[in-house]
Amino acid sequence: MRVASSLDSLVLGEAQILGQVRSALMAAHEAGTAGGILTGLFQNAILCGRRVQTETALGRGAFSIGRAAVDLARSIFTDLSHASALVVGAGEMSEITVRHLVESGVRVVIVANRTFEKAEAMAERFGGTAIQYDRFVEQMATADIVIASTAAPHYILRREMLAPVLRKRRGRPLFLIDIAVPRDIDPDVDRLENVFLKNIDDLQEFVASDAGERVAESRQAAWIAEEETAKFFAWYRAREVAPVLGEIRRKLEEIRRSDMDILRSKLGHLSDREWEAIESTTRAMMNHVAREPVLRLKREAGERTGAASTPAGYDLVAAAREIFGIGPDGASEADSAHGADTIGPEATDTPSGPTTARAPGEIPADVEAPALGQVPLEGTR
Amino acid sequence: MSSATLTILAFALYLGAVVCYGALLWRYGPPGSASPGAGLVRFGRPLLFGGIAVQVAAIGMLCVSRHSSPFASDYGTLAVTAWAIALAFAALDIRYRIPAVGGPALLVACLVLCWAVTRVNAPVAESRIIDSQVVSLHVLLYLSSLGLFVVAFGCAALYLVQNRLLKAHRMNSLFRRLPPLETLDTLAFQSAACALPLLTAGIAAGVVRAFGGGLALPPSAWILDGRTLWVIGVWLVYLFYLLARVLAGWRGVRLQYILLVGLPCAIVLYAIPTRTHHFH
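The paragraphs below set out a description of the structure included in this document. (Residues numbered from 1 in each chain as written. Chains lettered and ligands numbered in written order. Predicted model: local features only at pLDDT ≥ 70, side-chain atom pairs only at ≥ 80, totals over all residues. Heavy atoms only, no water.)

## Structural notes on the overall build of chain A
Right, on to step 1. Looking only at helices and strands, chain A has 11 helices and 8 strands in total.
Right, on to step 2. Within chain A, the proportion of its 381 residues that are buried is 44%.
Right, on to step 3. A separation of at least 24 residues holds for 68% of the contacts in chain A among residues at least 6 apart in sequence. (Helix = DSSP H or I, 4+ residues; strand = E, 2+ residues; numbered from the N terminus. Buried < 20%, exposed > 50% of the residue type's maximum accessible area, 1.4 Å probe, protein only. Contact = heavy atoms within 4.5 Å.)

## What to know about the overall build of chain B
Right, on to step 1. The number of helices and strands found in chain B is 10 helices and 0 strands.
Right, on to step 2. What you see in chain B, going N to C, is helices and strands ordered as α-α-α-α-α-α-α-α-α-α.
Right, on to step 3. The C-alpha atoms of chain B give a radius of gyration of 20 Å, which matches the 19 Å a tight globule of 280 residues would have.
Right, on to step 4. In terms of overall dimensions, chain B has C-alpha extents of about 65 × 50 × 25 Å along its principal axes. (Rg over C-alpha atoms; globule rule 2.2 N^0.38 Å.)

## Description of the pattern of salt bridges
Residue and element names in this part refer to chain B.
Right, on to step 1. Applying the stated rule across the entire model yields 30 salt bridges over all chains.
Right, on to step 2. Arg45 is the salt-bridge partner of Asp93, the closest N and O atoms lying 3.3 Å from each other. A residue pair is termed long-range when its members are at least 10 positions apart, and Asp93 in helix α4 (residues 74-96) and Arg45 in helix α3 (residues 44-66) qualify at 48 residues.
Right, on to step 3. On the accessibility criterion, Asp93 (3% relative accessible area) is buried.
Right, on to step 4. When the shortest N-O distance is used, the salt bridge between Asp74 and Arg119 registers 2.6 Å. (Salt bridge = Lys/Arg side-chain N within 4 Å of Asp/Glu carboxyl O.)

## Some points on the interface of chain B and chain A
Right, on to step 1. Tallying the contact residues gives 33 residues for chain B and 35 residues for chain A.
Right, on to step 2. Interface area, chain B with chain A, both sides summed: about 2,600 Å², of which 46% is carbon and sulfur.
Right, on to step 3. Looking at the side of chain B facing chain A, the largest losses of area belong to Lys167, His169 and Glu182 of chain B, adding up to 24% of the total buried there.
Right, on to step 4. Taken together, chain B and chain A are joined by 4 salt bridges.
Right, on to step 5. Note that Asp210 of chain A and Arg176 of chain B form a salt bridge whose closest N and O atoms lie 2.3 Å from each other.
Right, on to step 6. Taken together, chain B and chain A are joined by 15 residue pairs in polar contact (both at pLDDT 80 or more).
Right, on to step 7. Looking at the side of chain B that touches chain A, the elements with two or more residues in it are α6 (133-167), α7 (181-211) and α10 (253-268) of chain B.
Right, on to step 8. Ranked by the residues each element gives to the side of chain B that touches chain A, the list is headed by α6 of chain B, at 5 residues.
Right, on to step 9. Grouping the constituent residues of the side of chain B that touches chain A by class yields 16 nonpolar, 10 polar and 7 charged. (Buried area = accessible area lost by both parts, 1.4 Å probe. Polar contact = N/O pair within 3.5 Å; in protein donor to acceptor, adjacent residues only side chain to side chain. Nonpolar A, V, L, I, M, F, W, Y, C, P; charged D, E, K, R; others polar.)

## Focus on empty space enclosed by the protein
All names here are of chain A.
Right, on to step 1. Applying the stated criterion across every chain yields a total of 1 cavity of 30 Å³ or more.
Right, on to step 2. Taken as a whole, the largest cavity holds about 70 Å³ of empty space.
Right, on to step 3. If you trace the largest cavity, you find 13 residues lining it, with Ser5, Ser6, Gly13, Val52 and Gln53 closest to the centre.
Right, on to step 4. Of all the secondary-structure elements, those providing two or more residues to the lining of the largest cavity are α1 (16-31) and α2 (36-55).
Right, on to step 5. Ranked by the residues each element gives to the lining of the largest cavity, the list is headed by α2, at 3 residues. (1 Å grid on protein atoms, 1.4 Å probe; cavity = no way out; pocket = protein on both sides within 12 Å on 5 of 7 lines; lining within 4 Å. Points joined across faces, edges and corners; volume = space filled by probe spheres on them.)

Next comes the structure, spelled out in structure tokens:
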């Protein structure tokens, strides 16, 4: 649950892990290796991951500098699909940032680089246009987002260079992202109205601050993971208890029938109506005897959330198995010697061959009937 | 149930809406968090519509009980003012879904309604002139424009907050909860652009009535009245805003300050001494 919720991920809250969990389940299904328990576990984990995504802010916020740039751009411009991006310096960092912007809707990309071929290559990757490096300032009159990432040792954009550009822009906001080290854009530019400058340090700090907020949000996510874990174990225990209940009923019925056979041999003169009354009475007695253990086991299945024992300190299901001599797969211990697995349907293919499912109370063919007289007649009265 | 009781109920509903819409700004975490503050926002709109409906009943009850237009007293006029503000924001919220503006806009409506409640027992105009359709139209147009100016004020205020957040080097994720700067700028402009023609028509209706005859004072006394001159000043402030934006291409912080100044000027109108616009 914690893995699917990305609580154990290196980058807390990243959404990819949930997709990977989903893919793993699909791959297991295709390979035929996912049985009931495993499928239930994975489906629960996927549900848990989805709950964490929708009910908490763990998956939100900026995970990278590119995403931080997109978040900021979205707070400036109404619609990024109407915004254009100008990249100055066709480096790896600027490419990552512009990719985030393009994925978020930016359609027009213009690339300026000292080596024109590099600009052309990057522009081609984003379906944009390459321009000569010395034209980038005039191009800023039409661009909305500018990503500067050159290797220049000095500022390539100063406040006085922007003044004529801003006049042409008629007050439209301009978002400048300076991811170059050393800086490409004079920090003084940020004082201009309608100009928003963020450098790599600002963006990194922003990403770190979001990560900090995600840590705070992870408490809520951890609580959801615990809740889903509890739900899974309740479901799992219910599956574990069902065969035990069936086996208890089967054993009691077996005892009743064998005692009824003894009785028939001794009281052969009784009429059919009298036999019907005896049958009905013995069945009712059997149900009374089974009622309390069955109820307690059912309650145990509903209440237990993964802990190995009850609050009283013992495992009721294990105790029931022990008392009634039931093997780990729900069959009599005589069966368990055949190598049945403890875990449900995916364990049906055992080294000893596939086992067949039984209805509760149904007597497996290979189970020996208890010896007559094993349960004294008096015991049923 | 009296009109005043219903007005107090409407006040409570608007106040609830202010809290719900304002809750959006309470939490500084990423959007969509499971905080109680974020969850409250969805109750803002039902409370707002509830308040508007209750006010309709309150104003209707006032008209029926006094057999006059609501503009025949301070109380009625202020109540309709608050109603117009709430209605203007509701229209904007339905069209653009910008709950963040609800906090400041409805807070103004609450303050006006609070003022109205204090004036419940204020004198009611005895003259039937005030019940004429032209006078009602004159006041209604002014109040409609005021409602839109409040929305423009709310957008401008949030613009300044958003601008400050985005300019800050130490980022605060509250900016994610506010609408984008461009959206706020556009909505402020559209609200003011709709409001100014209404204000113009309202002033024109007043002038028509002043020259229509049957009044105790001559038209010149109405035109040169303190409130008339003041409202023309308000009209000029908003005209300057629109011209600066459309013709001079102004955008950004300076333009929003004009809207911030414009609204108090429009509201102060109620307190301007007057020889003509009174209920005695």
